[in-house]
Amino acid sequence: MGKPLTKLASVLISSFDKEYSQNDDKTISVNPIASELASWYEKFRTAMDYREDEVILRSAIERILKRRSFLGGDGQTIAAPLIRELVWARYFPDSSIPETIVSKVSHQIDLYLKLESEVNQKHKINKGLVNEWILQLLSSEIEHILKPNDPKDLVSNFIFRIFKERINIADDSEETRDIQTFIAVRRAFANDDLPFLRYHLFKQYFGQMTTENVDKVSNNFVQGVKIMEEQFNYPAKDKIYSYVKKQTIPFLILDDVFRKYRGDISQLVTDEDKLNSEILNACSIRYKSISGRVKRAIIRSVIFIFFTKALFAFLIEGTFERFLYGQVVWSSIVLNTLTPPALMIIVGSLIKTPGRENSFKILKKINTILFDENPDLEKSLTVKKKPGKTDPILWGLFIIFWLTTFVLSFGGIVFMLSKLNINPLSQAVFVFFLAVVSFVSYRINRTANMYIIKDKKDNLGSLLFDFFFMPFIQVGQRLTMAVSQLNIILFVFDFIIETPFKGIVAFLEQWLLFLRTQREKLD
């Protein structure tokens, strides 16, 4: 007989074990040849749009919505082709989505388009910003329609209820504390990006969008957006996120075990030995998945950087060199082009898999989460919205030290490139992509270490890393986000290549269906 569960753990398990009725409606099926073509295109396209795995589906839905709404349309004309494109791209298995879902998606598309129209009519507000919000909210809504009862949401709610009592904002309200804890949990555990966070806060603020409340939502839309944006830019958000993030590893493993035994979790937790064995086994499976996940991240990063680099090399760098020197200096272009993938390969070779000792640390954490009413986690966090004033002299010294790191880091690279007789523009391009690669490498390294429970103390190595490489990583983060949003190649793919390509795939599918019909007439 196992130990008694906590009240929160009992609620989580009963929610996981809840039986959901199977839908026997007619499902959406696509031709496997058309699906093969579309899925290869989608893999290539998503590699160029650098995002976390957890938000790729929502991003794809937003991209399809943007393309189809740009060409004109409503729920009736957009919903069915959108879902079909997602099945083509293998975001969902063939014949896994019932046709009845189409009407639900169509209804939500019409609702959000009506909301956008009413907001633009009632308020003097940037229409581009409204369109951005509507597309992000709608794409998130559609994902939740297509993936109902996602266990990720159950575990996120469980984590939120544990940590909201462990976080205190000394100079702000409990309501703000709860909102910031909610945002931190969604970012840390569910890997939600800004569009998903907007969607979840939108539902908390306005409730589920319906025909009855669309007028009320449109009346208060501007005020609601302002309040939500204030929460996203809350001064203490990063400290709260960091506190939650470093404690999410046991919950990731717990989620794996519960998904595997969904429907029989109540039985599993009564057998302590079996539960412990499954937790350790889940750790091993996660560790083995690290290599594949890192490889995918490296491939996507190389594609993203290569195509961005090609734009710089041939449209800007090559043009500048031809104008200045009368010819293209291929040595500098080759150096700038080969450095990013070389660094990616080095990062991949340094990846290490966590050991058995780490698994037992996770096991201990999970046991205290499930069976102790006051789980043995990190001590409670207390923060302030308005941080205490720093001595201006001390603050000035910090700024000087920080600027020194920029000068040493970037100045050292420029000095070496100058010794190699690299022209100033090529130097700027090299530094630009070195910063981007540094950030991407940092992200990949973080992915590789995402299941390691680390010691709290900093060491000399981490201190030196922060001093010399953090400037590159910070600059690279800003540049990567900017490039991913402004990349002209993505515009070309989305509106010039993707539209006719998807049209060809649709024609091919219909043609193959016609051929099959003619063949059946001969039987």
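Scroll up a little and you will see the structure.
Residues numbered from 1 in each chain as written. Predicted model: local features only at pLDDT ≥ 70, side-chain atom pairs only at ≥ 80, totals over all residues. Heavy atoms only, no water.

Observations regarding the overall build of the chain
When its secondary structure is counted, the chain shows 20 helices and 2 strands. Among the 523 residues that make up the chain, the fraction classed as buried is 45%. As displayed, the chain offers around 28,100 Å² of accessible surface, 60% of which is attributable to carbon and sulfur atoms. (Helix = DSSP H or I, 4+ residues; strand = E, 2+ residues; numbered from the N terminus. Buried < 20%, exposed > 50% of the residue type's maximum accessible area, 1.4 Å probe, protein only. Areas by Shrake-Rupley, 256 points an atom, 1.4 Å probe, with all protein chains shown as cover.)

Section: the packing of aromatic side chains
The relative placement of two aromatic rings is captured by the distance of their centres and the angle of their planes. Evaluation of the coordinates by the stated rule reveals 8 aromatic pairs. Judged by centre distance (6.3 Å) and plane angle (80 degrees), the ring pair of W133 and F221 falls under edge-to-face. In this pair, W133 sits in helix α6 (residues 127–146) while F221 sits in helix α10 (residues 214–232), placing the two residues 88 residues apart along the sequence. The exposure class assigned to F221 is buried, which follows from its relative accessible area of 1%. Judged by centre distance (6.2 Å) and plane angle (80 degrees), the ring pair of F160 and F182 falls under edge-to-face. (Phe/Tyr/Trp six-rings, centres within 6.5 Å; stacked < 30°, edge-to-face > 60°.)

Quick word on the packing of helix α8 (residues 174–188) against helix α11 (residues 237–245)
Close contact between α8 and α11 brings their axes to 9 Å; oriented N to C, the two are set at 50 degrees. One finds that α8 runs oblique with respect to α11. As for how α8 packs across α11, the hand of that crossing is right-handed. Facing α8, whose interface residues are Q180, T181, A184, V185, R187 and A188, α11 presents K237, D238, I240, Y241, V244 and K245. A class-by-class count of the residues in the contact of α8 with α11 yields 6 nonpolar, 2 polar and 4 charged. (Axes fitted to C-alpha atoms, helices over the stretch in contact; angles between N-to-C directions. Parallel < 35°, antiparallel > 145°, perpendicular 65-115°, else oblique. Left-handed = near helix turned anticlockwise from the far one by under 90°. Contact = heavy atoms within 4.5 Å. Nonpolar A, V, L, I, M, F, W, Y, C, P; charged D, E, K, R; others polar.)

Re unusual backbone geometry
With phi around 65 degrees, R90 is a residue other than glycine that occupies positive phi space. Mapped onto the fold, R90 is located in the loop between α4 (75–88) and α5 (100–122). The class for R90 is partly exposed, based on a relative accessible area of 45%. The backbone of N191 sits at a positive phi, close to 60 degrees, despite the residue not being glycine. Judged by relative accessible area, which is 16%, N191 ranks as buried.

Thoughts on a nonpolar patch on the surface
A surface patch of nonpolar side chains, amounting to about 920 Å² of accessible area, comprises I393, L394, W395, L397, F398, I399, I400, F401 and L403. When you line up the elements, F398 lands in helix α17 (residues 392–419). (Patch = residues over 30% accessible without salt bridge, like charges linked within 9 Å, V, L, I, M, F, W, Y side chains within 5 Å. Salt bridge = Lys/Arg side-chain N within 4 Å of Asp/Glu carboxyl O.)

Thoughts on helix α7 (residues 151–163)
Between its terminal C-alpha atoms α7 stretches 19 Å, which fits the 18 Å expected from 13 residues at 1.5 Å a residue. Within α7 the residues assigned to the buried category are P151, K152, V155, S156, F158, I159, F160, I162 and F163. Its buried side turned inward, α7 meets α1 (7–17), β1 (167–169), α8, α11, α12 (249–260) and α16 (356–371). (Expected span 1.5 Å × (residues − 1).)

Considerations on the side chain of R177
Relative to the helices and strands, R177 is located in helix α8. R177 gets classed as buried once you look at its relative accessible area, which sits at 10%. Polar contacts involving the side chain of R177 include one to the main-chain carbonyl oxygen of K164, which spans 2.7 Å. When sequence neighbours within four positions are dropped, the list of residues in contact with R177 reads K164, I167, N168 and I169. (Polar contact = N/O pair within 3.5 Å; in protein donor to acceptor, adjacent residues only side chain to side chain.)

Overview of the packing of α7 against α8
Running from N to C, α7 and α8 cross one another at 135 degrees; their axes reach a closest spacing of 9 Å. Classified by the angle between their axes, α7 and α8 sit oblique to one another. Between α7 and α8 lies a crossing of right-handed hand. Judged by residue contacts, K152, D153, S156, I159, F160 and F163 of α7 engage D178, T181, F182, V185 and R186 from α8.

Remember, this is a structural readout, not a statement about activity or role.
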